[in-house]
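Letter by letter, the chains look like this.
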Amino acid sequence: MKNPFRRQPAKAAGCRSNQWKGARADQSRNQTAQARRSKLAARWRKALHVSTWLIGATAVCWGGVLLFHQLGPVVQRGLEIREVSVEGLRQVTKEDVLTRLALRKGIAQHQVSLAYLAERVRTHAWIKEATVERLPLHALRVTIVERKPAAIARVESEQVLTDAEGVVLARLGRQDQTSLPLILGVDGKLLAQGDLRLKQRLQSSIELAKWMSETLDGRIEIDISHPVNLVASAKGVRFHFGNEALKEQWERFMKVRAAFRMPAFDGRKSEGHDVDLRYDNRVIVRERG
């Protein structure tokens, strides 16, 4: 017997069929179909736009290639290098610079690397710095800074011209330039190898000769053969320097120079003296013989 007071379970909710009927249902279906067609048409238009752009870009690039191929010889002749000017020449000749540029006949401005050309020009021993510029429409301009002779280095029986950095500028054989200081005791093998320590000693010696020449007359000769005792000679007086702080040692002598009565400093013929500057707290003067 069923209990009339027992609560009956609720029926499960399901999809309702025939929710819209008649004209209203047809209108909804038409709107959905129309939205789908609009989305599909928008996608086709976008794809067509992209395809058109790609085809146009390809056509332009291909046209540019064909145009460049046809106009290439014209551009080549229009930018051909026909003149090279060189500024800053003193010891170096224009022919030396042109030889190192080695420009091929008919080469155009846009076909050369300016940095590479400048590097080739700097291979000349006398040229310290070099720049290369393009000038409209057929020219290049090369500007160089030459090295300045600073000393004569004696290598065995040969004289070598160097600059202040110890770079060999020319080999003079037995020729000499007495207006420049003379550096003695230079190792030819180390000089040819570009030894760094030898270059540093050459630089220090040339600087020392410059300081001494501001005070002393005559040619300065500096012997660098001994590794820790550098000997500089001027008017018969030999100055012994330590290996470092050459300027400080020379300034120490200049402070007490007035106390010495040496013929070389009084304008008389020198009898020969040695001045030892290798000590921190004293200057020693010895008379030779």
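Just above sits the structure.
Residues numbered from 1 in each chain as written. Predicted model: local features only at pLDDT ≥ 70, side-chain atom pairs only at ≥ 80, totals over all residues. Heavy atoms only, no water.

Draft legend 1. Representation of the overall build of the protein chain within the structure. The secondary structure content of the protein chain amounts to seven helices and twelve strands. Intrachain contacts of the protein chain at a sequence separation of at least 6 include 48% that bridge at least 24 residues. Accessible surface for the protein chain amounts to roughly 20,400 Å². Of this, 52% is attributable to carbon and sulfur atoms. (Helix = DSSP H or I, 4+ residues; strand = E, 2+ residues; numbered from the N terminus. Contact = heavy atoms within 4.5 Å. Areas by Shrake-Rupley, 256 points an atom, 1.4 Å probe, with all protein chains shown as cover.)

Draft legend 2. Expanded view of helix α3 (residues 114-121). Considered for burial, the residues of α3 that qualify are L117, A118 and V121. Axial view of α3: buried residues confined to an arc of 100°, hence all on one face. For α3, the exposed residues set more than 90 degrees away from the buried face come down to A115 and E119. (Buried < 20%, exposed > 50% of the residue type's maximum accessible area, 1.4 Å probe, protein only. Arc of directions from axis to C-beta.)

Draft legend 3. Looking closely at the pattern of salt bridges. The tally for this structure, following the rule as stated, stands at nine salt bridges. R147 is the partner of D163 in a salt bridge, and the nearest nitrogen-oxygen pair spans 2.9 Å. Of the two residues, D163 sits in strand β5 (residues 158-163) while R147 sits in the loop between β3 (139-146) and β4 (149-155), which places them 16 residues apart along the sequence. Judged by relative accessible area, which is 4%, D163 ranks as buried. Taking the relative accessible area as the measure of exposure, R147 reaches 15% and is therefore buried. Connected through salt bridges with shared partners, the residues K128, R147, D163 and E165 form a single ionic network. (Salt bridge = Lys/Arg side-chain N within 4 Å of Asp/Glu carboxyl O.)

Draft legend 4. Expanded view of the nonpolar core. The biggest cluster of nonpolar side chains holds 31 residues, and the ones touching the most others in it are V186, L208, I222, F239, F241 and W250. Breaking this core down by element, the ones donating at least two residues are β4, α5 (196-213), β9 (230-234), β10 (237-241) and α6 (246-256). Top element by residues in this core is α5. It accounts for seven residues. (Core = buried A, V, L, I, M, F, W, Y, C linked by side-chain atoms within 4.5 Å.)

Draft legend 5. Structural context of the sheet that holds strand β6 (residues 168-173). Across the sheet, nine strands lie side by side as β6-β5-β4-β7-β8-β9-β10-β11-β12; this open sheet has mixed pairing. Only two strands of the sheet have a single partner each, and these edge strands are β6 and β12 (284-287). Between one strand axis and the next, the sheet turns through 25° on average, direction left out of account. Pairing analysis gives five bridges linking β9 to β10, with the strands arranged antiparallel. Within β10, the position partnered with V231 by the bridge is H240. Where α5 meets the sheet, it contacts β4, β5, β7 (182-184), β8 (221-223), β9 and β10, and its direction lies at approximately 30° from that of β9. Lying over the sheet, α6 contacts β9, β10 and β11 (273-276), oriented at roughly 130° with respect to β10. (Pairing = 2+ DSSP bridges. Axes fitted to C-alpha atoms, helices over the stretch in contact; angles between N-to-C directions.)

Draft legend 6. Seen up close, the environment of T123. Tracing the chain through its elements places T123 in the loop between α3 and β2 (127-135). Residue T123 is classed as exposed on the basis of its relative accessible area of 57%. The sequence separation of T123 and R100 amounts to 23 residues, and the corresponding C-alpha distance is 7.9 Å. Within the local environment of T123, its side chain forms a polar contact with the backbone oxygen of R120, the two atoms lying 2.4 Å apart. (Polar contact = N/O pair within 3.5 Å; in protein donor to acceptor, adjacent residues only side chain to side chain.)

Draft legend 7. The pairing of strand β1 (residues 83-87), seen in detail. Across the two faces of β1 the burial differs, with V84 and V86 buried and E83, S85 and E87 not buried at all. In this structure, β1 lies alongside β3, joined through five bridges in parallel fashion. Within β3, the position partnered with E83 by the bridge is A139.

Draft legend 8. Molecular detail of the sheet that holds β2. Taken in spatial order, the three strands of this open sheet run β1-β3-β2, and their pairing is mixed. Of all the strands in the sheet, just β1 and β2 have a single pairing partner and so form its edges. For this sheet, the mean inter-axis angle between neighbouring strands, taken without regard to orientation, is 20°. Contacting β1 and β3, helix α2 (residues 94-101) crosses the sheet at an angle of about 125° to β1. In the packing of α3 onto the sheet, contacts are made with β2 and β3, and the angle to β2 comes to roughly 150°.

Draft legend 9. Quick look at the pairing of β5. By the criterion of burial, β5 is predominantly enclosed, with five of the six residues buried. Bridging between β4 and β5 involves six bridges; their strand directions are antiparallel. The residue bridging A151 from the neighbouring strand is T162, located in β5. Counted along the chain from β4 to the antiparallel partner β5, the turn is two residues long, and its residue E156 has a positive phi close to 55°. The sheet contact formed by β5 and β6 spans four bridges and is antiparallel.

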